[in-house]
Amino acid sequence: MQATPPYTPAITEHDAASIAQLREDLAAANHILAHHEVLDGFGHVSVRDPRNAAHFLIAQSMAPELVTPDDILTLDLDCQPVDGDTRKRYLETWIHSEIYRARPDVKAIVHSHSPSVIPFAASSVRLRPVYHMAGFLGSGAPVFDIRHCFGCTDMLVRNGEQGKALADTLGDSDVALMRGHGFVATAPTLPAAVYRAIYTELNAGMQSTAIALGGEVTYLSEEEGKRSTETNLGVMERPWTLWKRQAAALRRD
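Residues numbered from 1 in each chain as written. Predicted model: local features only at pLDDT ≥ 70, side-chain atom pairs only at ≥ 80, totals over all residues. Heavy atoms only, no water.

Going by an unreviewed UniProt entry, the protein chain carries the name Methylthioribulose-1-phosphate dehydratase and comes from Pandoraea sputorum. Under the UniProt heading Sequence similarities (unreviewed entry), the note attached to the protein chain is "Belongs to the aldolase class II family." (UniProt positions renumbered as here; feature names shortened; annotations may be inferred.)

Given below as structure tokens:
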């Protein structure tokens, strides 16, 4: 397993403020995804540490809707805490560490069990974009089947070898489905990862509706998907600001 490079930064006041804001945003991401029913009592979201690409931030093992900034851990790519924090970690932190290891371009990851997506991981019908908000799905999300690599398991990604197999299936895609389990959504920013997780679920529901109509379904072409993805990445602040405000209002209520 690749060794984590040594890192002993001098933390400035600006760095401390930036990391504090990142923890706030990661807690908000948990709340947003719970509000949109992409996460429930299970699932998780992480963000790569801007101070060190071999570290990432993720909540301790708990329901996403309950996460606060104080619940955020910093782990290395071997899923070990970098500061000796012994709080319980999610069983599947390897999903995050191995994707970060394989994909330097990925800065944030969501792992979800949202219900509209699950059937596409169990079917020969590929999850494909039916509208521009899900153009990041390209020509179809690949499906990771842990049974093909490791035989009968409890379906969880519990170690680095299993995480690497998932990352290999993801390849250079933005989303990968997990047969009998859920999906992972990746992005170059935390708001974009939240966006992609939400719209993966929404697109799955719309695609199922389109298929049920019984006619021929017209999907976005790969070029249409690329162009709409570029456009949507340029306006992430719009939904992100709204979703943060909505999640904060719900918590006040």
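From this point, the narrative continues.
*Asks:* Explain the layout of surface pockets to me, please; I cannot follow it from the model alone.
*Replies:* Here the idea is plain: a probe the size of a water molecule rolls over the atoms and shows the empty space left. Here the largest pocket is characterised by a volume of approximately 290 Å³. As for the largest pocket, its lining consists of 15 residues, of which Phe 136, Leu 137, Gly 138, Ser 139 and Ser 173 are closest to the centre. Here the element with the most residues in the lining of the largest pocket is helix H7 (residues 222–233); it accounts for four residues. Of the volumes computed, that of the second largest pocket is approximately 220 Å³. Around the second largest pocket, the lining is made up of 14 residues, and of these Phe 42, His 44, Ser 61, Tyr 90 and Leu 91 lie nearest the centre. In the lining of the second largest pocket, the residues fall into six nonpolar, five polar and three charged. (1 Å grid on protein atoms, 1.4 Å probe; cavity = no way out; pocket = protein on both sides within 12 Å on 5 of 7 lines; lining within 4 Å. Points joined across faces, edges and corners; volume = space filled by probe spheres on them. Helix = DSSP H or I, 4+ residues; strand = E, 2+ residues; numbered from the N terminus. Nonpolar A, V, L, I, M, F, W, Y, C, P; charged D, E, K, R; others polar.)

*Asks:* Looking at this structure, I do not really get the packing of aromatic side chains. What am I missing?
*Replies:* When we look at a pair of aromatic rings, we describe it by the centre distance and by the angle of the planes. Scanning the model with the defined rule gives four aromatic pairs in all. Consider the rings of Phe 56 and Tyr 100, whose centres lie 5.4 Å apart with planes at 40°: the pair is tilted. Of the two residues, Phe 56 is situated in strand E2 (residues 55–59) and Tyr 100 in helix H2 (residues 93–102); the sequence distance between them amounts to 44 residues. Taking relative accessible area as the criterion, Phe 56 reaches 0% and is therefore assigned buried. By relative accessible area, which is 2% here, Tyr 100 ends up buried. When the centroid spacing of 6.1 Å and the interplanar angle of 65° are considered together, the rings of Phe 136 and Tyr 195 count as edge-to-face. Remark: Tyr 195 occurs in helix H6 (residues 190–212) and Phe 136 occurs in the loop between helix H3 (118–122) and strand E5 (143–144); sequence separation between them is 59 residues. When sorted by exposure, Phe 136 lands in the same class as Tyr 195, which is buried. Ring pairing ties together the aromatic residues Tyr 131, Phe 136, Tyr 195 and Tyr 199, which thus form one cluster. (Phe/Tyr/Trp six-rings, centres within 6.5 Å; stacked < 30°, edge-to-face > 60°. Buried < 20%, exposed > 50% of the residue type's maximum accessible area, 1.4 Å probe, protein only.)

*Asks:* Quick question: what am I supposed to make of helix H5 (residues 160–170) here?
*Replies:* Side chains of residues three or four places apart in an α-helix project in the same direction, reflecting 3.6 residues per turn. Looking at H5, one finds that the buried residues are Gly 160, Gln 162, Gly 163, Ala 165, Leu 166, Ala 167 and Leu 170. For H5, the secondary structure elements touched by its buried residues are H2, E5, helix H4 (146–150), strand E6 (175–178) and strand E7 (182–187). Near the N-terminus of H5, the side chain that reaches the backbone nitrogen of Glu 161, with its oxygen 3.1 Å away, is that of Asn 159. At the C-terminal side of H5, Gly 171 shows a positive phi close to 55°. (Contact = heavy atoms within 4.5 Å. Polar contact = N/O pair within 3.5 Å; in protein donor to acceptor, adjacent residues only side chain to side chain.)

*Asks:* Sorry if this is basic, but what is going on with empty space enclosed by the protein here?
*Replies:* Counting across every chain of the model gives two cavities of 30 Å³ or more. Considering only enclosed or pocket space, the largest cavity measures out at about 50 Å³ in volume. Lining the largest cavity we find His 132, Met 133, Gly 135, Phe 136, Tyr 195, Arg 196, Thr 229, Asn 232, Leu 233 and Met 236. Elements represented by at least two residues in the lining of the largest cavity include exactly H6 and H7. Per-element tally for the lining of the largest cavity: the top contributor is H7, with three residues. Broken down by class, the residue content of the lining of the largest cavity amounts to five nonpolar, four polar and one charged. Roughly 40 Å³ of volume is contained in the second largest cavity. If you trace the second largest cavity, you find it lined by Phe 144, Asp 145, Ile 146, Met 155, Met 178, Arg 179 and His 181. In terms of residue class, the lining of the second largest cavity is built from four nonpolar, one polar and two charged.

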